[in-house]
Amino acid sequence: MTEAILLVGGKGTRLRPLTVNTPKPMVRAAGVPFLTHQLARARAAGVDHIVLATSYLAEVFEPHFGDGSALGLTIEYVTEDEPLGTGGAIRNVASRLHSAPDDPVLVFNGDILTGLDIRALVDTHERTGADVSLHLTKVTDPRAYGLVPTDGTGKVLAFLEKPQTPEEIVTDQINAGAYVFRRSVIDTIPAGRPVSVERETFPDLLSAGAHLQGMVDSTYWLDLGTPAAFVRGSADLVLGRAPSPAVPGRCGDRLILPTARVAPDAKLTGGTVVGEGASVAEGARVSGSTILPGAVIEPGAVITDSLIGTRAHIGERSILTGTVIGDGAIIGPDNELRDGIRVWCDARIPAGAVRFSSDQ
């Protein structure tokens, strides 16, 4: 296997304000754009040619990755004029593939952090002679996902979108967002219009009698679609819970990037990342959080499970838990921001303006 398609065109609306200025796959996780981890894992599995299917903020990708040679890859870029969905995006890049009709082509969704054994998925595809093979994983609560029941040999029986009643939950296996296509199958996807592989391509192939094979791999898997999940994924990469050859340093409790400044008595734990040019002042405590480049954490601030945007400023003694602070935002001293709050880019919160406890 030498080729892969990476679907990186989504707007990342669930991740805003992180994605106001940055496409979702380029938001930094463990010190580098998340896409870097996917590219590095694909290369380690034997892929050498990757086509990026871009759309939202498409101009950001090529200046960063170039031709891919720094990662040992050949990277090409195809931009959709209008969003085409997962299937439409795959079809739209077909002309850039070099594979023969029966060769395998790997397809990744650009927002999944996984420890998938990529070679094992390809081997399963080739051993079973499948038209498409899917990575499946098991989840405790499958209601937010598409279910994929299989028979005893792993052959896919159906695709069931987001079940809501107990009767509809016939399996705990879900579509985990990585596929191997027989190259000729990609050409059967309708061109020039939006197509969903989950809702249209896969069910139609199944109805037509195609062989769709599932492979359950229950190693690490996380959909990074929400801010809380993205922060957790970055911390798990730093802690070594999620595998990636692209983490720029040793795995451990913290990752401090070059040119970052951290006071000797500041405490960084739980897979915290401090980006280039960022500063964490004396007495600050940061746990399980991502501090993006150029951000400033003032003395005595306490930050837990949060993401602090590029050039954002967190004032003295402010307490942030489960929050997302947009690029350039300023949080004044003595504020308390709790789970789920999102402060937009360049917003300003005055000193002591938001509190959950008494001002005494």
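Structure: see above.
Residues numbered from 1 in each chain as written. Predicted model: local features only at pLDDT ≥ 70, side-chain atom pairs only at ≥ 80, totals over all residues. Heavy atoms only, no water.

Peer 1: Where do I start with the pairing of strand β11 (residues 173-182) in this structure?
Peer 2: Along a regular strand, successive side chains alternate from one face of the sheet to the other. With ten of its ten residues buried, β11 lies for the most part within the structure. As paired strands, strand β6 (residues 104-109) and β11 are joined by five bridges and run antiparallel to one another. Residue V105 lies in a different strand from β11, and its bridge partner there is F181. Inspection of the sheet shows strand β8 (residues 132-138) paired to β11 by six bridges, in the antiparallel sense. Residue pairing across strands places L134 opposite Y179, the latter belonging to β11. (Buried < 20%, exposed > 50% of the residue type's maximum accessible area, 1.4 Å probe, protein only. Helix = DSSP H or I, 4+ residues; strand = E, 2+ residues; numbered from the N terminus. Pairing = 2+ DSSP bridges.)

Peer 1: Where do I start with the sheet that holds strand β18 (residues 279-280) in this structure?
Peer 2: The strands making up a sheet are joined through hydrogen bonds of the backbone, oriented either antiparallel or parallel. The strand order across the open sheet built from six strands is β15-β18-β21-β24-β27-β30, with neighbouring strands paired in parallel fashion. In this open sheet, the two edge strands, each paired with only one partner strand, are β15 (261-262) and β30 (348-349). The pairing of strand β27 (residues 330-331) with β30 spans two bridges and is classified as parallel. Residue pairing for β30: I330 is matched across the bridge by R348.

Peer 1: Got a minute to help me understand the packing of aromatic side chains in this structure?
Peer 2: For any pair of aromatic rings, the description rests on two quantities: the centre-to-centre distance and the angle between the ring planes. If you walk through the whole model with that rule in mind, you get six aromatic pairs. On the basis of an interplanar angle of 70° and a centroid distance of 5.7 Å, the ring pair of Y145 and W221 is categorised as edge-to-face. Of the two residues, Y145 sits in the loop between β8 and β9 (146-147) while W221 sits in strand β13 (residues 221-223), which places them 76 residues apart along the sequence. Overall, Y145 belongs to the partly exposed group, its relative accessible area being 23%. You can call W221 buried: its relative accessible area is 15%. With a centroid separation of 6.3 Å and an interplanar angle of 90°, the aromatic rings of Y179 and F181 are classed as edge-to-face. The burial state of Y179 is the same as that of F181; both residues are buried. Counting every residue linked through ring pairs, the aromatic cluster contains F159, Y179, F181 and F202. (Phe/Tyr/Trp six-rings, centres within 6.5 Å; stacked < 30°, edge-to-face > 60°.)

Peer 1: Looking at this model, I keep getting lost on the pattern of salt bridges. Mind explaining?
Peer 2: Side-chain pairs of opposite charge can arise whenever the charged atoms involved come near each other. For the structure shown, the criterion picks out 15 salt bridges. One salt bridge connects D223 with R14, and the closest N-O pair in it is separated by 3.8 Å. Here R14 lies in the loop between β1 (3-7) and β2 (28-29) and D223 lies in strand β13, a separation of 209 residues in the sequence. Looking at D223, the relative accessible area reads 22%, which means it is partly exposed. Relative accessible area serves as the criterion here: at 46%, R14 is assigned to the partly exposed category. (Salt bridge = Lys/Arg side-chain N within 4 Å of Asp/Glu carboxyl O.)

Peer 1: Explain the sheet that holds strand β16 (residues 267-269) to me, please; I cannot follow it from the model alone.
Peer 2: Taking strand neighbours across the sheet as the criterion, the five strands line up as β16-β19-β22-β25-β28 in an open arrangement whose pairing is parallel. Strands at the two margins of the open sheet, each flanked by one partner only, are β16 and β28 (336-337).

Peer 1: Quick question: what am I supposed to make of the side chain of H37 here?
Peer 2: Within the fold, H37 resides in helix α1 (residues 34-44). At 2.8 Å, the side chain of H37 forms a polar contact with the backbone oxygen of A29. (Polar contact = N/O pair within 3.5 Å; in protein donor to acceptor, adjacent residues only side chain to side chain.)

Peer 1: Explain the packing of helix α3 (residues 85-92) against helix α6 (residues 197-207) to me, please; I cannot follow it from the model alone.
Peer 2: The relative placement of two packed helices is expressed as an angle between their axes plus a distance between the axes. Running from N to C, α3 and α6 cross one another at 70°; their axes reach a closest spacing of 7 Å. The orientation of α3 relative to α6 falls into the category roughly perpendicular. Contacts between α3 and α6 involve T86, G87 and I90 from the first element and V197, E198 and T201 from the second. Across the contact of α3 with α6, the residue classes break down as two nonpolar, three polar and one charged. (Axes fitted to C-alpha atoms, helices over the stretch in contact; angles between N-to-C directions. Parallel < 35°, antiparallel > 145°, perpendicular 65-115°, else oblique. Contact = heavy atoms within 4.5 Å. Nonpolar A, V, L, I, M, F, W, Y, C, P; charged D, E, K, R; others polar.)

Peer 1: Explanation requested: the nonpolar core in the structure shown.
Peer 2: One recurring pattern in soluble globular proteins: nonpolar side chains tend to sit buried together. In this structure, I5, I90, V132, L134, F181, F202 and L212 are the most contacted members of the largest nonpolar core, which totals 29 residues. For this core, the secondary-structure elements that each account for two or more residues are β1, β4 (49-54), α3, β6, β8, β11, α5 (183-186) and α6. Here L134 is in contact with L121, V156, F159, N175, A178, Y179, F202, L212, Q213, G214 and M215, once residues within four sequence places are set aside. Grouped together as the second largest cluster of nonpolar side chains are 25 residues, V47, I75, I118 and V180 included. (Core = buried A, V, L, I, M, F, W, Y, C linked by side-chain atoms within 4.5 Å.)

Peer 1: Mind showing me how you'd approach unusual backbone geometry here?
Peer 2: Apart from glycine, the bulk of residues carry a negative phi angle, and the bulk of peptide bonds sit in the trans form. R16 connects to P17 through a cis peptide bond whose omega is 10°. Mapped onto the fold, P17 is located in the loop between β1 and β2. In this structure, T259 takes a positive phi of about 75° despite not being glycine. Relative to the elements of secondary structure, T259 occurs in the loop between β14 (254-256) and β15. T259 sits in the exposed class, given a relative accessible area of 56%. One non-glycine residue, D334, lies in positive phi territory at about 60°. If you trace the backbone, D334 turns up in the loop between β27 and β28. For D334, a relative accessible area of 26% translates into the label partly exposed.

It is worth stressing that arrangement in space is one thing and function is another; only the former is reported here.
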